[in-house]
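# Survey of secondary and tertiary structure
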There are 2 protein chains.
Amino acid sequence: MPAEPQPASPIKDFDGFVALLRQRRPTLPKRLKQVADHALAHLDDMAFGSTAQIAERAGVQASTLVRFAQALDYSGFSEMQEVFRSRLRRQVVDHRERLAALRGTQAATGGAVALLEGFVHASETSLTQVKAAIRPADLDAAVTLLAGARTIVLVGARRMFPIVSYLAYAFGKLGIRAVLVDNVAGLGPEQAAIAGPGDVVLAVSYAPYAAMTVEIAAAAHRRGVPVLALTDSALSPLAENCRLWLEVAEADYGAFRSVAATFAVAMTLAVATAEKSGLSADPDLDR
Amino acid sequence: MPAEPQPASPIKDFDGFVALLRQRRPTLPKRLKQVADHALAHLDDMAFGSTAQIAERAGVQASTLVRFAQALDYSGFSEMQEVFRSRLRRQVVDHRERLAALRGTQAATGGAVALLEGFVHASETSLTQVKAAIRPADLDAAVTLLAGARTIVLVGARRMFPIVSYLAYAFGKLGIRAVLVDNVAGLGPEQAAIAGPGDVVLAVSYAPYAAMTVEIAAAAHRRGVPVLALTDSALSPLAENCRLWLEVAEADYGAFRSVAATFAVAMTLAVATAEKSGLSADPDLDR
DNA sequence: CGGCGGGCGGAATGTTTATTCCAATCTACG
DNA sequence: CGTAGATTGGAATAAACATTCCGCCCGCCG
């Protein structure tokens, strides 16, 4: 063979890798076949292990692993391992890579389109994640809580005010009693004070947590009002002062974080609550 | 140090780790808190990254990561990283099980998860469309228009109020003069009347078009104030009364329409305008 | 039967890794 | 305002790492 059979085709996605492996396996020498079989049978070993560990478990030499990767057109073991890792990663990787790529195109296009792609991609990432991360039991518990409320009091400020103002709109359309704490005239705490034990406070806040939201939620929780929180991590001050909380992770692009996943969850809560309450929505209420 | 403060309790499961972190966080020094926040926000970074990579992304020194792990009773970074990795290992198996479990619970739970998937899907569709449908030249023209404005007046009502309230937040953070027409006390038209020829009115409305938004936009247009519209079709009343309009198509699920694409466009406008104006954003303004 | 070449194991290599250490800096309290 | 302790950044270090290299082995064809 005078020239390289494969000049350069380092397959990045896992499915493509499996396909390539199936195709090449027959022509592979004994030890390399052995590695191939081990790889497909121990996927996360391949993702997390080092050459030494994997080699021992597969019953081969560490150098064989490198040869295996190179036989599949990768530059080395590490590059191949990335395929196994990307499979486990929650899409955040290629978010980073794209971000870097975007920086390049930005200059040429004037930047606005590149920014749009960045925000779109951050939103897509967030949506993918929320599907996997939401625990159905928690979601159902949240809906049950809301459906049992006499009045739902909506609290959110700054970045999250859009979410609660949307919820106020949606609940209104769906015929569910909800009041929006909009903090007009600085009366936020007073607006929220109408919440009693038969009501539910729905508080939304992500880092950095708006003081007003945290205080109102904490006060309600202290008074024995059920508080349902939408927040971004277990460390959130909201998570400590509530009856139940839903965790929604949003991806960010540049200095701005997506709100797509939070909106999807908010819409779900609104509609599911309406269904549970047995109220039928105005048929063409949102067109 | 004569005796270990903690004899040995290296927490192995991820949920336990989060709980521990939540408990210890208040007593942690600044940099370690920073690591804690980054860790929870970038879980797979923690699982796959090396100390050098993670440290850079978290804005700390590699040694700080080791100290962080040790502050949480691990022998070092590597031991702690195993927690993040084991979580992903589980997830692989989990994923199949969960999917099967979902199918089962769906009927029983009344379908909250199914609703979520529906809304997520509608959002994803909208995002895909907007990437293809937006014309870069229009987007750039919109940014140029906004960047030249003395003050940006934001108009949107009902379903679109979340968009403009978000824009008010974003522009504020970016140091761009913008006022939100929130129609408090029914003063919407008066609030919008401050807009003069050097300003720009940014109006957002989708069918069925809110009367207030349409009227304010038309009035401004008549007065010679540049109006930039975000709307859903060429037939929109907004499209007739403006200097420039961007078309954004949103998919709907059930009676509710996604807002994901509109949000992505709104964020783009905000950041691109800031960049064009030559103002640098507060580096960690939205975290 | 003998030589040739791909395949392989294992040591050698240079790089990257986690970790430790110490000096500089900051913080809090007197 | 000053000092003791905690906190931090950054260089130093040693272990682990992926990778390369070399020589041996084994099977195939002449």
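Under an unreviewed UniProt entry, the name given to chain A is RpiR family transcriptional regulator, and the source organism is Bosea psychrotolerans.

What follows covers the pattern of salt bridges. For the structure on display, the rule yields 15 salt bridges over all chains. Here R57 of chain A and D45 of chain A are joined by a salt bridge, their closest N and O atoms 3.1 Å apart. Of the two residues, R57 of chain A sits in helix α4 (residues 51-58) while D45 of chain A sits in helix α3 (residues 43-48), which places them 12 residues apart along the sequence. Assessed through its relative accessible area of 9%, D45 of chain A is described here as buried. Of the charged contacts, one joins E124 of chain B and K131 of chain A as a salt bridge, the two residues approaching to 3.6 Å between their closest N and O atoms. You can see E124 of chain B sitting in helix α7 (residues 112-133) and its partner K131 of chain A sitting in helix α8 (residues 112-133), one on each of two chains. Bridged by salt links that share partners, the residues D232, D252 and R257 of chain B form one connected network.

Following the sequence through the fold, Q61 of chain B ends up in the loop between α4 (51-58) and α5 (62-71). Expressed as a C-alpha distance, the spacing of Q61 of chain B and R31 of chain B, which sit 30 residues apart in the sequence, is 9.2 Å.

Next up on the list: the protein's contact with DNA strand C. Near DNA strand C lie 17 residues; those nearest to it are R31 of chain A together with T51, Q70, F77 and S78 of chain B. For DNA strand C, the backbone makes up 72% of the atoms found within 4 Å of the protein, where backbone means sugar plus phosphate. Contact distances for DNA strand C include 3.3 Å between a base oxygen and a side-chain N or O atom of S63 of chain A. Elements supplying a minimum of two residues to the surface near DNA strand C: α2 (30-41) and α5 (62-71) of chain A together with α4, α5 and α6 (77-109) of chain B. The biggest single contributor to the surface near DNA strand C is α5 of chain B, with four residues. Residue composition of the surface near DNA strand C, by class: four nonpolar, nine polar and four charged.

To continue, consider the confidence of the model for chain A. For chain A, mean pLDDT is 83; residues scoring 70 or higher make up 86% of the total. Here residues 1-7 of chain A is a poorly scored stretch, pLDDT under 50, and it has two contacts once near neighbours within four places are set aside; other chains count.

All names here are of chain A. Along strand β5 (residues 244-247), the buried face is formed by L244 and L246; none of W245 and E247, which line the opposite face, is buried. Of the pairings in the sheet, the one linking strand β4 (residues 227-231) to β5 comprises four bridges and is parallel in character. Within β5, the residue paired with L230 across the bridge is L246.

Moving on, we get to the sheet that holds strand β5 (residues 244-247) of chain B. All names here are of chain B. Pairing within the open sheet is parallel, and its five strands lie in the order β2-β1-β3-β4-β5. Pairing within the sheet leaves two strands with one partner each, and these edge strands are β2 (178-181) and β5. Direction aside, the axes of adjacent strands within the sheet are offset by 20 degrees on average. When strand β1 (residues 152-156) meets strand β3 (residues 200-204), the two strands line up parallel, connected through five bridges. Residue pairing across strands places L154 opposite L202, the latter belonging to β3. Helix-sheet contacts for helix α8 (residues 136-147) involve β1, β3, β4 (227-231) and β5, and the interaxial angle to β5 is about 135 degrees. With respect to the sheet, helix α13 (residues 260-276) is in contact with β3, β4 and β5, its orientation differing from that of β4 by roughly 155 degrees.

About the thresholds
- Residues numbered from 1 in each chain as written.
- Chains lettered and ligands numbered in written order.
- Predicted model: local features only at pLDDT ≥ 70, side-chain atom pairs only at ≥ 80, totals over all residues.
- Heavy atoms only, no water.
- Salt bridge = Lys/Arg side-chain N within 4 Å of Asp/Glu carboxyl O.
- Helix = DSSP H or I, 4+ residues; strand = E, 2+ residues; numbered from the N terminus.
- Buried < 20%, exposed > 50% of the residue type's maximum accessible area, 1.4 Å probe, protein only.
- Near = heavy atom within 4 Å.
- Polar contact = N/O pair within 3.5 Å; in protein donor to acceptor, adjacent residues only side chain to side chain.
- Nonpolar A, V, L, I, M, F, W, Y, C, P; charged D, E, K, R; others polar.
- pLDDT = per-residue confidence, 0-100.
- Contact = heavy atoms within 4.5 Å.
- Pairing = 2+ DSSP bridges.
- Axes fitted to C-alpha atoms, helices over the stretch in contact; angles between N-to-C directions.

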